[in-house]
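# A closer look at the structure
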Amino acid sequence: MTINIGFIGPGIMGGPMALNLMKGGHKLWVYARRPAAAQTLVAAGATACASPAEVAKHSDVIFTIVADTPDVESVIFGEQGIAMQARPGTVIVDMSTISPTATKSIAERLARQRVEMLDAPVSGGETGAINGTLSIMVGGKPLIFERIKPLFECMGKNIVHIGDNGAGQVAKACNQIVVAVTIEAVAEALTFARKNGADPAKVREALMGGFAGSKIMEVHGKRMLDNDFKPGFKVGLHQKDMRIVMETAHQLGVALPAAALVTQHLNALMGTGDANLDSAAVVKVIERMSGMGGK
């Protein structure tokens, strides 16, 4: 069945995700703060809108994927936001990575308008977005999840309903903790190998065959060896995600010492103007701290 779908935020991740929804046979109404970002979708048959409110006017389900918590709040509740035109029964699916606490509040506000919400952040990077193989972590009502699941299947392969609103964002925060701390571990290991005069490429090859092997060792380890930090996931976005992790941990009184350490290393990269590098560039911080010049 064809569904009128709204999509807000067709960026590096959102663009290919929206295109996969269109490939699934659905009509798309799209809004981008920079109209050029929507050009590929418009060329494929999507209708460009002047505001999130206009998207809502034409859509039964609206996907959002924007940078941070304030951006989601603005897109939904701001001037010419979704809430101005969303009809009762509309479903808003936020696929951004934002605060779990804020997500619960947004869902409660929308419920007063009889508008449903799912939080459905993703993991898998640009490649996963293009290939439709994302991991999607979903919070919200089970019945609404089942209703939207066929649309998720256009964009991802590992689709898990975690729990109530906010639970998807909790799962994404857990994902970012594991990814960040593992990047830190790989960076430390390869730097340790180099400092000891061992070939870090051979060390990585050996480690890939044992318990230390991981997707991070495979992908980010290779980037570190090649000094290739073309972004798959930018330092600036990873730092934002870890800020959310640490703020939430502070609210709950949860100790996350390893996450705190790597957050500081991401902060250091921000301070040296490296926000647009891939987060594998954490190795540059470790190398500089080890007297290796960050090269």
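See the structure above.
Reading the values: rules and limits
- The numbers attached to residues start from 1 for each chain and follow its sequence in the written order.
- Only residues with pLDDT of at least 70 get local features here, since the model is predicted, and only at 80 or more are side-chain atom pairs given and counted; chain-wide, interface and lining totals rely on the full set of residues.
- Note: side-chain values were computed over all heavy atoms of the structure, leaving out hydrogens and water.
- The helix count covers DSSP runs of H or I at least four residues long, the strand count covers runs of E at least two residues long, and both are numbered beginning at the N terminus.
- Here the radius of gyration uses the C-alpha set of atoms, whereas the globule reference equals 2.2 Å times the residue count to the power 0.38.
- The criterion used for residue contact is that any of the two residues' heavy atoms lie within 4.5 Å.
- The Shrake-Rupley method, run with a 1.4 Å probe sphere, supplies the accessible areas, and residue values consider only the shown protein chains as cover.
- Positive charges come from Lys and Arg, negative ones from Asp and Glu, while His and the chain ends are left out of the count.
- Lys charges are placed at NZ, Arg charges at CZ, Asp charges at CG and Glu charges at CD.
- Points on a 1 Å grid over protein atoms alone make up a cavity when a 1.4 Å probe fits among them but cannot get out, and a pocket when they form an open set with protein on both sides within 12 Å along at least five of seven lines; lining residues each have an atom within 4 Å of a point.
- Grid points are joined across faces, edges and corners, and a volume is the space filled by probe spheres set on the points.
- Ten residues, namely Ala, Val, Leu, Ile, Met, Phe, Trp, Tyr, Cys and Pro, are considered nonpolar, four, namely Asp, Glu, Lys and Arg, are considered charged, and the remaining ones, Gly among them, are considered polar.
- We call Phe, Tyr and Trp rings a pair once their centres come within 6.5 Å, taking the six-membered ring for Trp, and we label the pair stacked below 30 degrees between planes, edge-to-face above 60, and tilted otherwise.
- Accessibility here uses a 1.4 Å probe with only protein chains present; expressed as a share of the type maximum, an area under 20% marks a residue as buried, one over 50% as exposed, and anything in between as partly exposed.
- Two limits define a charge over a ring: the Lys NZ or Arg CZ must be within 6 Å of the ring centre, and within 35 degrees of the ring normal.
- In this description, a nonpolar core means a group of buried Ala, Val, Leu, Ile, Met, Phe, Trp, Tyr and Cys residues linked to one another through side-chain atoms lying within 4.5 Å.
- We count a salt bridge whenever a side-chain nitrogen from Lys or Arg sits within 4 Å of a carboxyl oxygen from Asp or Glu.
- The term polar contact refers here to a pair of N or O atoms within 3.5 Å; inside protein, the definition further demands a hydrogen-donor-capable atom paired with an acceptor-capable atom, and it admits residues adjacent in sequence only when both atoms are side-chain atoms.
- Think of each axis as a best-fit line through the C-alpha atoms, taken over the contacting stretch in the case of a helix, with angles from 0 to 180 degrees between the N-to-C directions.
- With respect to orientation, any angle under 35 degrees is reported as roughly parallel, any angle over 145 as roughly antiparallel, any angle of 65 to 115 as roughly perpendicular, and every other angle as oblique.
- Definitions for this section: a left-handed crossing has its near helix turned counterclockwise from the far helix by less than a right angle. A right-handed crossing has that turn clockwise.

To continue, consider the overall build of the protein. When helices and strands are counted, the protein shows 13 helices and nine strands. Taken over C-alpha atoms, the radius of gyration comes to 20 Å for the protein, in line with the 19 Å a tight globule of 295 residues would show. Based on the C-alpha atoms only, the size of the protein along its principal axes is roughly 65 × 45 × 35 Å. Partitioning the contacts of the protein with sequence separation of at least 6, the portion at a separation of at least 24 is 66%. Surface accessibility of the protein: about 13600 Å² in total, with carbon and sulfur atoms responsible for 56%. Computed over 29 positive and 26 negative side-chain charges, the inter-centroid distance for the protein is 3 Å.

A complete count under the given rule lists one cavity of 30 Å³ or more for this structure. Empty space within the largest cavity amounts to approximately 40 Å³. Lining the largest cavity are Thr97, Ile98, Gln169, Ala173, Gln176, Asp241, Ile244 and Val245. When residues of the lining of the largest cavity are traced back to their parent elements, those giving at least two are helix 8 (167-195) and helix 11 (235-252). In terms of residue class, the lining of the largest cavity is built from four nonpolar, three polar and one charged.

On to the packing of aromatic side chains, then. Each pair of aromatic rings is reported with the distance of its centres and the angle of its planes. If you walk through the whole model with that rule in mind, you get three aromatic pairs. A centroid spacing of 6.4 Å and a plane angle of 75° characterise the contact between phenylalanine 63 and phenylalanine 152, whose relative ring orientation is edge-to-face. Taken together, the residues span a long stretch of sequence, with phenylalanine 63 in strand 4 (residues 61-64) and phenylalanine 152 in helix 7 (residues 142-155) at a distance of 89 residues. Considered together, phenylalanine 63 and phenylalanine 152 belong to a single accessibility category, that of buried residues. The rings of Phe7, Phe63, Phe145 and Phe152 are connected pair by pair, giving a single aromatic cluster. Arginine 109 extends its terminal NZ or CZ atom over the ring of phenylalanine 77, reaching a point 3.7 Å from the ring centre.

Quick look at the nonpolar core now. The biggest cluster of nonpolar side chains holds 35 residues, and the ones touching the most others in it are Met17, Phe63, Val93, Met95, Ile136, Ile148 and Phe152. Ranked by residues supplied to this core, first place goes to helix 7 with seven residues. In contact with isoleucine 136, other than residues within four places in its own chain, are Met95, Ala120, Pro121, Val122, Phe152, Met155, Gly156, Asn158, Ile159 and Val160. Met217, Leu266, Ala281 and Val285 belong to the second-largest nonpolar core, a separate cluster that totals 23 residues.

Quick look at the layout of surface pockets now. A volume near 250 Å³ is recorded for the second largest pocket. Looking at the second largest pocket, it is lined by 14 residues, and the ones nearest its centre are Val170, Ala173, Thr248, Ala249 and Leu252. Per-element accounting of the lining of the second largest pocket gives the leading share, five residues, to helix 11. Its residues assigned to classes, the lining of the second largest pocket comprises 11 nonpolar, two polar and one charged.

Tallied over the full model, the rule gives 11 salt bridges. The salt bridge partner of lysine 240 is aspartate 241, with a shortest N-O separation of 2.8 Å. As far as burial versus exposure is concerned, lysine 240 and aspartate 241 are alike and both buried. Through salt bridges with shared partners, one network takes in Asp68, Arg243 and Glu247.

Assignment of secondary structure puts glycine 139 in strand 8 (residues 134-139). Every residue in contact with glycine 139, bar those within four places of it in the chain, is listed here: Met117, Leu118, Asp119, Gly163, Asp164, Asn165, Ala167 and Gly168.

Mapped onto the secondary structure, serine 51 falls in the loop between strand 3 (47-48) and helix 3 (52-58). Relative accessible area serves as the criterion here: at 9%, serine 51 is assigned to the buried category. There is a polar contact of 3.1 Å between the side chain of serine 51 and the backbone nitrogen of glutamate 54. Each residue touching serine 51, except ones within four places of it in the same chain, is listed here: Tyr31 and Gln80.

As a further point, take the side chain of aspartate 278. Within the element layout of this structure, aspartate 278 appears in the loop between helix 12 (257-271) and helix 13 (282-289). Within the structure, the side chain of aspartate 278 is placed 3.2 Å from the backbone nitrogen of phenylalanine 233, a separation counted as a polar contact. At 2.9 Å, the side chain of aspartate 278 and the backbone nitrogen of alanine 280 are in polar contact. Other than its neighbours up to four places away in sequence, aspartate 278 contacts His220, Arg223, Phe229, Lys230, Pro231, Gly232, Phe233 and Val235.

With that settled, the discussion passes to the packing of helix 8 against helix 9 (residues 200-208). Put simply, helix 8 and helix 9 touch, their axes get as near as 9 Å, and they point 135° apart. Classified by the interaxial angle, the pair formed by helix 8 and helix 9 is oblique. In this structure, the crossing between helix 8 and helix 9 has a hand that is right-handed. Of the residues in helix 9, those touching helix 8 at Leu190, Ala193 and Arg194 are Pro200, Val203 and Arg204. Partitioned by chemical class, the residues of the contact of helix 8 with helix 9 number four nonpolar, no polar and two charged.

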